[in-house]
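The residues making up each chain are set out below.
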Amino acid sequence: MSELRRDPLTHDWVAIAPARGRRPHRMPGPGGPSPRRRPPADPACPFCPGREDATPPEVWRLPTPSGTAPSNWRLRVVPNRYPVLTPADRPARHHTAGLRLSVEGVGSHEVVIESRAHDWDLPDGDDAAVADVLRAYRARCRALRDRRPGIVLPFRNHGAGAGTSLPHPHSQIVATPIVPARFRRLFDIARGYYDDHGRCLYVDHTAAELADGERVVATTDHVVALAPYAARTPYETLILPRHHEASFGDASDACLDRTASLLRRVLTALRDLLGDIPYNYALINAPNGEEGTACFAWHLRIAPRLAEPAGFELGTDIAVNPLPPEEGAAELRGALRPVAGPGRP
Ligand code: UDP
Ligand code: ZN
(Lines give C-alpha, C1' and ligand atoms only; values in the text may rest on other atoms or scores of the structure.)
(Ligands and ions follow the chains in the order given, each with its own letter.)
Protein backbone atom coordinates (compact mmCIF):
# COMPACT_ATOMS: atom_id res chain seq x y z
CA MET A 1 0.00 0.00 0.00
CA SER A 2 1.22 3.53 -0.68
CA GLU A 3 1.81 6.01 2.13
CA LEU A 4 1.01 9.72 2.35
CA ARG A 5 3.82 11.64 4.05
CA ARG A 6 3.93 15.27 5.13
CA ASP A 7 7.29 16.98 4.78
CA PRO A 8 8.27 18.40 8.19
CA LEU A 9 9.98 21.43 6.59
CA THR A 10 7.56 22.33 3.80
CA HIS A 11 4.28 20.73 4.94
CA ASP A 12 3.92 19.50 1.33
CA TRP A 13 2.19 16.15 1.01
CA VAL A 14 3.74 13.35 -1.01
CA ALA A 15 2.47 9.89 -1.92
CA ILE A 16 5.26 7.32 -1.63
CA ALA A 17 3.86 4.79 -4.07
CA PRO A 18 6.29 2.04 -5.19
CA ALA A 19 3.60 0.34 -7.29
CA ARG A 20 3.50 3.42 -9.55
CA GLY A 21 7.11 2.76 -10.59
CA ARG A 22 6.13 -0.63 -11.98
CA ARG A 23 3.53 0.64 -14.45
CA PRO A 24 4.37 0.16 -18.13
CA HIS A 25 5.70 3.14 -20.05
CA ARG A 26 5.09 3.50 -23.74
CA MET A 27 6.38 7.04 -24.12
CA PRO A 28 10.09 7.67 -24.75
CA GLY A 29 11.77 9.62 -21.96
CA PRO A 30 14.06 9.38 -18.99
CA GLY A 31 14.30 6.17 -17.03
CA GLY A 32 17.31 3.94 -16.68
CA PRO A 33 20.95 4.78 -17.20
CA SER A 34 21.82 6.73 -20.34
CA PRO A 35 25.27 7.41 -21.72
CA ARG A 36 26.51 10.89 -21.01
CA ARG A 37 26.31 12.98 -24.16
CA ARG A 38 28.39 16.14 -24.33
CA PRO A 39 27.09 19.07 -26.36
CA PRO A 40 29.31 19.97 -29.29
CA ALA A 41 31.22 23.25 -29.09
CA ASP A 42 29.25 26.09 -30.64
CA PRO A 43 31.02 29.11 -32.16
CA ALA A 44 27.81 31.12 -31.70
CA CYS A 45 27.59 30.38 -27.93
CA PRO A 46 27.12 33.73 -26.11
CA PHE A 47 28.85 32.38 -22.99
CA CYS A 48 32.11 31.10 -24.53
CA PRO A 49 35.40 33.03 -23.99
CA GLY A 50 36.03 35.67 -26.64
CA ARG A 51 32.32 36.48 -26.93
CA GLU A 52 32.19 38.74 -23.88
CA ASP A 53 30.45 41.43 -25.94
CA ALA A 54 27.51 39.05 -26.54
CA THR A 55 26.39 39.58 -22.92
CA PRO A 56 25.56 42.80 -21.06
CA PRO A 57 28.49 44.09 -18.94
CA GLU A 58 29.31 41.63 -16.19
CA VAL A 59 28.37 42.33 -12.57
CA TRP A 60 30.90 40.00 -10.95
CA ARG A 61 33.84 37.86 -12.03
CA LEU A 62 36.60 35.58 -10.87
CA PRO A 63 39.66 36.51 -12.93
CA THR A 64 42.37 34.21 -14.20
CA PRO A 65 45.79 34.84 -12.62
CA SER A 66 47.04 36.29 -15.90
CA GLY A 67 45.32 39.68 -15.75
CA THR A 68 42.24 41.85 -16.00
CA ALA A 69 41.63 41.87 -19.78
CA PRO A 70 37.95 41.24 -20.67
CA SER A 71 38.69 37.64 -21.67
CA ASN A 72 40.79 36.79 -18.56
CA TRP A 73 37.99 35.23 -16.52
CA ARG A 74 37.36 31.82 -15.06
CA LEU A 75 33.77 32.60 -14.03
CA ARG A 76 31.49 35.56 -14.88
CA VAL A 77 28.12 36.75 -13.63
CA VAL A 78 26.17 38.74 -16.24
CA PRO A 79 22.62 40.11 -16.48
CA ASN A 80 20.31 37.69 -18.30
CA ARG A 81 19.53 39.11 -21.76
CA TYR A 82 15.98 37.74 -21.58
CA PRO A 83 15.17 38.47 -17.95
CA VAL A 84 12.10 37.47 -15.97
CA LEU A 85 12.69 40.53 -13.73
CA THR A 86 14.68 43.69 -14.40
CA PRO A 87 16.49 46.15 -12.09
CA ALA A 88 15.08 49.60 -11.32
CA ASP A 89 16.34 52.28 -8.95
CA ARG A 90 13.04 52.33 -7.06
CA PRO A 91 10.83 49.75 -5.37
CA ALA A 92 8.31 47.82 -7.48
CA ARG A 93 4.92 49.52 -7.72
CA HIS A 94 1.83 47.53 -6.72
CA HIS A 95 -1.42 47.90 -8.64
CA THR A 96 -4.76 46.71 -7.35
CA ALA A 97 -8.02 46.70 -9.25
CA GLY A 98 -10.88 45.03 -7.44
CA LEU A 99 -9.64 41.57 -6.51
CA ARG A 100 -6.75 41.78 -8.93
CA LEU A 101 -3.22 42.56 -7.70
CA SER A 102 -0.14 43.00 -9.83
CA VAL A 103 3.41 44.04 -9.02
CA GLU A 104 5.89 45.51 -11.49
CA GLY A 105 8.53 43.03 -12.59
CA VAL A 106 11.33 44.81 -10.75
CA GLY A 107 14.20 42.70 -9.47
CA SER A 108 17.11 41.05 -11.16
CA HIS A 109 17.93 38.00 -13.22
CA GLU A 110 21.57 37.05 -13.64
CA VAL A 111 23.45 34.23 -15.33
CA VAL A 112 26.49 32.64 -13.68
CA ILE A 113 28.79 31.45 -16.49
CA GLU A 114 30.49 28.74 -14.50
CA SER A 115 33.40 27.81 -16.73
CA ARG A 116 35.31 28.81 -19.85
CA ALA A 117 34.75 25.30 -21.24
CA HIS A 118 31.58 24.89 -23.29
CA ASP A 119 31.25 21.17 -22.48
CA TRP A 120 32.15 21.22 -18.78
CA ASP A 121 29.80 20.11 -16.02
CA LEU A 122 29.95 20.40 -12.24
CA PRO A 123 31.00 16.77 -11.65
CA ASP A 124 33.84 17.14 -14.19
CA GLY A 125 35.85 19.73 -12.29
CA ASP A 126 37.58 19.58 -8.95
CA ASP A 127 36.04 20.77 -5.69
CA ALA A 128 37.67 24.20 -6.18
CA ALA A 129 35.79 24.75 -9.47
CA VAL A 130 32.44 24.01 -7.78
CA ALA A 131 33.48 26.25 -4.86
CA ASP A 132 34.00 29.06 -7.41
CA VAL A 133 30.36 28.65 -8.49
CA LEU A 134 29.19 28.77 -4.86
CA ARG A 135 31.40 31.81 -4.25
CA ALA A 136 29.46 33.57 -7.02
CA TYR A 137 26.15 32.59 -5.37
CA ARG A 138 27.39 33.86 -1.98
CA ALA A 139 28.61 37.17 -3.37
CA ARG A 140 25.41 37.82 -5.32
CA CYS A 141 23.18 36.74 -2.38
CA ARG A 142 25.00 39.36 -0.28
CA ALA A 143 24.71 42.03 -2.96
CA LEU A 144 21.04 41.43 -3.84
CA ARG A 145 19.42 40.74 -0.47
CA ASP A 146 19.17 44.38 0.60
CA ARG A 147 15.93 44.89 -1.32
CA ARG A 148 12.87 44.18 0.87
CA PRO A 149 10.52 42.49 0.55
CA GLY A 150 11.93 39.78 -1.66
CA ILE A 151 14.09 36.71 -1.93
CA VAL A 152 17.31 35.82 -3.74
CA LEU A 153 17.27 32.44 -5.48
CA PRO A 154 20.32 30.85 -7.12
CA PHE A 155 19.30 27.83 -9.21
CA ARG A 156 20.59 25.52 -11.92
CA ASN A 157 18.80 23.69 -14.70
CA HIS A 158 20.58 20.69 -16.21
CA GLY A 159 19.42 18.96 -19.36
CA ALA A 160 16.63 19.74 -21.82
CA GLY A 161 14.17 17.82 -19.63
CA ALA A 162 14.88 20.30 -16.82
CA GLY A 163 14.32 23.45 -18.87
CA THR A 164 17.85 24.18 -20.11
CA SER A 165 17.94 26.25 -23.26
CA LEU A 166 21.74 26.69 -23.55
CA PRO A 167 24.37 23.96 -23.04
CA HIS A 168 27.28 26.17 -21.86
CA PRO A 169 27.55 25.41 -18.10
CA HIS A 170 25.69 28.06 -16.18
CA SER A 171 23.34 28.75 -13.28
CA GLN A 172 20.98 31.64 -12.71
CA ILE A 173 20.21 33.97 -9.81
CA VAL A 174 16.86 35.72 -9.55
CA ALA A 175 15.93 38.43 -7.03
CA THR A 176 12.18 39.00 -6.68
CA PRO A 177 10.21 42.03 -5.40
CA ILE A 178 7.78 39.83 -3.47
CA VAL A 179 8.19 36.85 -1.13
CA PRO A 180 6.79 33.88 -3.06
CA ALA A 181 4.01 32.00 -1.23
CA ARG A 182 6.19 28.90 -0.89
CA PHE A 183 8.90 30.89 0.92
CA ARG A 184 6.34 32.54 3.15
CA ARG A 185 5.01 29.13 4.12
CA LEU A 186 8.49 27.67 4.74
CA PHE A 187 9.38 30.62 6.91
CA ASP A 188 6.06 30.56 8.78
CA ILE A 189 6.52 26.85 9.54
CA ALA A 190 10.05 27.49 10.85
CA ARG A 191 8.95 30.50 12.91
CA GLY A 192 5.99 28.59 14.35
CA TYR A 193 8.31 25.77 15.42
CA TYR A 194 10.66 28.27 17.03
CA ASP A 195 7.75 29.84 18.93
CA ASP A 196 6.61 26.40 20.14
CA HIS A 197 10.01 24.94 21.04
CA GLY A 198 12.54 27.78 21.26
CA ARG A 199 14.79 25.95 18.81
CA CYS A 200 15.53 25.98 15.08
CA LEU A 201 13.41 23.48 13.11
CA TYR A 202 16.24 22.95 10.63
CA VAL A 203 18.86 22.19 13.27
CA ASP A 204 16.48 19.82 15.08
CA HIS A 205 15.44 18.21 11.79
CA THR A 206 19.04 17.60 10.70
CA ALA A 207 19.99 16.23 14.12
CA ALA A 208 16.98 13.87 14.06
CA GLU A 209 17.75 12.70 10.53
CA LEU A 210 21.40 12.07 11.46
CA ALA A 211 20.27 10.10 14.53
CA ASP A 212 17.82 8.08 12.42
CA GLY A 213 20.33 7.58 9.62
CA GLU A 214 18.03 5.92 7.06
CA ARG A 215 17.84 8.93 4.76
CA VAL A 216 21.38 10.26 5.29
CA VAL A 217 23.40 10.38 2.07
CA ALA A 218 26.64 11.92 3.40
CA THR A 219 27.89 14.02 6.30
CA THR A 220 30.72 16.48 6.85
CA ASP A 221 31.60 18.68 9.82
CA HIS A 222 29.66 21.66 8.38
CA VAL A 223 26.99 20.32 6.01
CA VAL A 224 24.99 17.14 5.39
CA ALA A 225 23.18 15.60 2.42
CA LEU A 226 19.81 13.96 3.14
CA ALA A 227 16.91 12.48 1.22
CA PRO A 228 13.81 14.35 2.48
CA TYR A 229 11.38 12.15 4.48
CA ALA A 230 8.68 13.23 2.02
CA ALA A 231 10.87 13.34 -1.10
CA ARG A 232 8.84 14.59 -4.06
CA THR A 233 10.93 12.77 -6.69
CA PRO A 234 13.23 9.73 -6.74
CA TYR A 235 16.71 10.69 -5.44
CA GLU A 236 15.66 14.16 -4.33
CA THR A 237 18.46 15.40 -2.05
CA LEU A 238 18.83 18.27 0.40
CA ILE A 239 22.21 19.74 1.30
CA LEU A 240 22.02 21.86 4.42
CA PRO A 241 24.25 23.25 7.18
CA ARG A 242 24.30 21.61 10.61
CA HIS A 243 23.86 25.02 12.25
CA HIS A 244 21.22 27.67 11.71
CA GLU A 245 22.41 30.10 9.07
CA ALA A 246 19.52 31.73 7.29
CA SER A 247 21.31 33.07 4.20
CA PHE A 248 23.97 31.44 2.08
CA GLY A 249 25.36 34.98 1.81
CA ASP A 250 26.73 34.45 5.34
CA ALA A 251 28.32 31.02 4.76
CA SER A 252 31.93 30.84 5.97
CA ASP A 253 34.70 29.78 3.57
CA ALA A 254 34.94 26.41 5.34
CA CYS A 255 31.18 25.83 5.08
CA LEU A 256 31.17 26.90 1.42
CA ASP A 257 34.07 24.56 0.58
CA ARG A 258 32.37 21.60 2.29
CA THR A 259 29.12 22.40 0.47
CA ALA A 260 30.96 22.48 -2.87
CA SER A 261 32.62 19.13 -2.23
CA LEU A 262 29.36 17.53 -1.10
CA LEU A 263 27.41 18.95 -4.06
CA ARG A 264 30.00 17.60 -6.48
CA ARG A 265 29.94 14.17 -4.81
CA VAL A 266 26.13 13.98 -4.89
CA LEU A 267 25.89 15.10 -8.55
CA THR A 268 28.66 12.64 -9.47
CA ALA A 269 26.85 9.81 -7.64
CA LEU A 270 23.62 10.68 -9.45
CA ARG A 271 25.45 10.60 -12.78
CA ASP A 272 27.23 7.32 -11.96
CA LEU A 273 23.93 5.77 -10.88
CA LEU A 274 21.50 7.10 -13.49
CA GLY A 275 23.51 8.56 -16.37
CA ASP A 276 23.24 12.17 -17.46
CA ILE A 277 19.71 12.75 -16.19
CA PRO A 278 18.03 16.17 -16.18
CA TYR A 279 17.80 17.85 -12.79
CA ASN A 280 17.14 21.21 -11.19
CA TYR A 281 18.56 22.53 -7.98
CA ALA A 282 17.62 25.64 -6.06
CA LEU A 283 19.36 27.32 -3.12
CA ILE A 284 16.68 28.43 -0.69
CA ASN A 285 17.47 31.40 1.57
CA ALA A 286 15.34 33.06 4.24
CA PRO A 287 13.41 36.03 2.86
CA ASN A 288 15.51 39.22 2.58
CA GLY A 289 15.91 41.00 5.90
CA GLU A 290 15.61 37.75 7.90
CA GLU A 291 19.32 36.88 7.63
CA GLY A 292 19.81 37.15 11.39
CA THR A 293 16.97 34.83 12.37
CA ALA A 294 17.60 31.88 14.67
CA CYS A 295 14.79 29.81 13.17
CA PHE A 296 15.85 29.02 9.60
CA ALA A 297 18.69 27.47 7.61
CA TRP A 298 19.50 27.88 3.92
CA HIS A 299 19.35 24.64 1.97
CA LEU A 300 20.10 23.38 -1.51
CA ARG A 301 17.32 21.25 -2.97
CA ILE A 302 18.40 18.93 -5.80
CA ALA A 303 15.47 17.49 -7.75
CA PRO A 304 16.13 14.95 -10.52
CA ARG A 305 13.53 15.18 -13.29
CA LEU A 306 12.55 11.55 -13.73
CA ALA A 307 8.79 11.89 -14.16
CA GLU A 308 6.45 14.56 -15.43
CA PRO A 309 3.81 15.77 -12.99
CA ALA A 310 0.38 14.80 -14.35
CA GLY A 311 -3.29 15.45 -13.56
CA PHE A 312 -3.29 14.11 -10.00
CA GLU A 313 -0.34 16.37 -9.09
CA LEU A 314 -1.98 19.30 -10.91
CA GLY A 315 -5.22 18.83 -9.04
CA THR A 316 -3.88 18.07 -5.56
CA ASP A 317 -0.27 19.34 -5.41
CA ILE A 318 0.51 15.92 -3.94
CA ALA A 319 3.64 14.57 -5.67
CA VAL A 320 3.64 10.84 -6.38
CA ASN A 321 7.08 9.32 -5.78
CA PRO A 322 7.54 5.65 -6.71
CA LEU A 323 10.90 5.36 -4.87
CA PRO A 324 10.87 5.37 -1.06
CA PRO A 325 13.52 7.96 -0.09
CA GLU A 326 15.18 5.45 2.26
CA GLU A 327 15.97 3.27 -0.78
CA GLY A 328 17.13 6.22 -2.88
CA ALA A 329 19.43 7.41 -0.07
CA ALA A 330 20.93 3.91 0.28
CA GLU A 331 21.60 3.77 -3.47
CA LEU A 332 23.23 7.21 -3.44
CA ARG A 333 25.34 6.29 -0.40
CA GLY A 334 26.54 3.21 -2.25
CA ALA A 335 27.40 5.25 -5.35
CA LEU A 336 29.32 8.04 -3.53
CA ARG A 337 32.99 8.18 -4.44
CA PRO A 338 35.52 8.81 -1.65
CA VAL A 339 36.32 12.42 -0.76
CA ALA A 340 38.99 13.76 -3.14
CA GLY A 341 42.19 14.54 -1.25
CA PRO A 342 44.97 16.97 -2.21
CA GLY A 343 46.52 16.07 -5.53
CA ARG A 344 43.69 13.73 -6.52
CA PRO A 345 41.50 14.45 -9.55
N1 UDP B 1 20.52 33.89 -22.19
C2 UDP B 1 21.25 35.06 -22.05
N3 UDP B 1 21.93 35.55 -23.12
C4 UDP B 1 21.90 34.94 -24.34
C5 UDP B 1 21.15 33.75 -24.48
C6 UDP B 1 20.46 33.25 -23.36
O7 UDP B 1 21.29 35.65 -20.97
O8 UDP B 1 22.53 35.42 -25.29
C9 UDP B 1 19.82 33.34 -21.02
C10 UDP B 1 18.40 32.89 -21.27
O11 UDP B 1 17.48 33.95 -21.11
C12 UDP B 1 18.18 31.81 -20.23
C13 UDP B 1 19.60 31.42 -19.83
O14 UDP B 1 20.49 32.19 -20.63
O15 UDP B 1 17.49 32.27 -19.09
C16 UDP B 1 19.83 29.96 -20.04
O17 UDP B 1 19.18 29.35 -18.99
P18 UDP B 1 18.78 27.83 -18.88
O19 UDP B 1 19.37 27.08 -20.01
O20 UDP B 1 19.18 27.37 -17.52
O21 UDP B 1 17.21 27.74 -18.94
P22 UDP B 1 16.04 28.77 -19.24
O23 UDP B 1 16.22 29.94 -18.34
O24 UDP B 1 16.14 29.10 -20.69
O25 UDP B 1 14.82 27.97 -18.92
ZN1 ZN C 1 29.91 28.06 -24.83
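Draft legend 1. Structural detail: the layout of surface pockets. Computed from the structure, the second largest pocket encloses a volume of approximately 790 Å³. As for the second largest pocket, its lining consists of 24 residues, of which R232, T233, N280, A303 and R305 are closest to the centre. Secondary structure elements with two or more residues in the lining of the second largest pocket: β8 (152–158), β13 (279–284), β14 (299–304) and β15 (319–321). Each residue belonging to the lining of the second largest pocket can be placed in one class, and the counts come to twelve nonpolar, three polar and nine charged.

Draft legend 2. Representation of the packing of aromatic side chains in the model. Tallied over the full model, the rule gives four aromatic pairs. The interplanar angle of 55 degrees and the centroid separation of 4.9 Å between the aromatic rings of Y202 and F296 together place this pair among those described as tilted. Here F296 lies in the loop between β13 and β14 and Y202 lies in helix α3 (residues 201–212), a separation of 94 residues in the sequence. Looking at Y202, the relative accessible area reads 1%, which means it is buried. Every member of this aromatic cluster is reached through a ring pair, and the members are F187, Y202 and F296.

Draft legend 3. View of the coordination of the zinc ion (ligand 2). Note on the zinc ion (ligand 2): its protein donors are C45 (SG), C48 (SG), H118 (ND1) and H168 (ND1). The metal-donor distances range over 2.0 to 2.3 Å. Each of the four donor atoms around the zinc ion (ligand 2) contributes to a set of angles spanning 105 to 117 degrees, which defines the coordination as tetrahedral. Counting along the primary sequence, the residues that act as donors to the zinc ion (ligand 2) give the motif C-x2-C-x69-H-x49-H. Within this pair, whereas C45 is found in the loop between β2 (13–16) and β3 (60–63), its partner H168 is found in the loop between β8 and β9 (170–175), the two being separated by 123 residues in sequence. Since its relative accessible area comes to 2%, C45 is described here as buried.

Draft legend 4. Geometry of the sheet that holds β2. One open sheet holds the three strands; their spatial order is β1-β2-β15, and the pairing between them is mixed. Both outer strands of the open sheet, β1 (3–6) and β15, are each paired with one neighbouring strand and no more. Between one strand and the next, the sheet's axes are offset by a mean angle of 30 degrees, whatever the strand orientation. Relative to β2, β1 runs antiparallel, the two sharing four bridges. Pairing of E3 across the sheet is with I16, part of β2.

About the thresholds
Residues numbered from 1 in each chain as written. Chains lettered and ligands numbered in written order. Predicted model: local features only at pLDDT ≥ 70, side-chain atom pairs only at ≥ 80, totals over all residues. Heavy atoms only, no water. 1 Å grid on protein atoms, 1.4 Å probe; cavity = no way out; pocket = protein on both sides within 12 Å on 5 of 7 lines; lining within 4 Å. Points joined across faces, edges and corners; volume = space filled by probe spheres on them. Helix = DSSP H or I, 4+ residues; strand = E, 2+ residues; numbered from the N terminus. Nonpolar A, V, L, I, M, F, W, Y, C, P; charged D, E, K, R; others polar. Phe/Tyr/Trp six-rings, centres within 6.5 Å; stacked < 30°, edge-to-face > 60°. Buried < 20%, exposed > 50% of the residue type's maximum accessible area, 1.4 Å probe, protein only. Donors = N, O, S within 2.8 Å, 3.2 Å for Na, K, Ca; no water. Tetrahedral: all angles 85-135°; square planar, octahedral: opposite > 155°, others 65-115°. Pairing = 2+ DSSP bridges. Axes fitted to C-alpha atoms, helices over the stretch in contact; angles between N-to-C directions.

Purely geometric stuff here, so don't read any function into it on its own.
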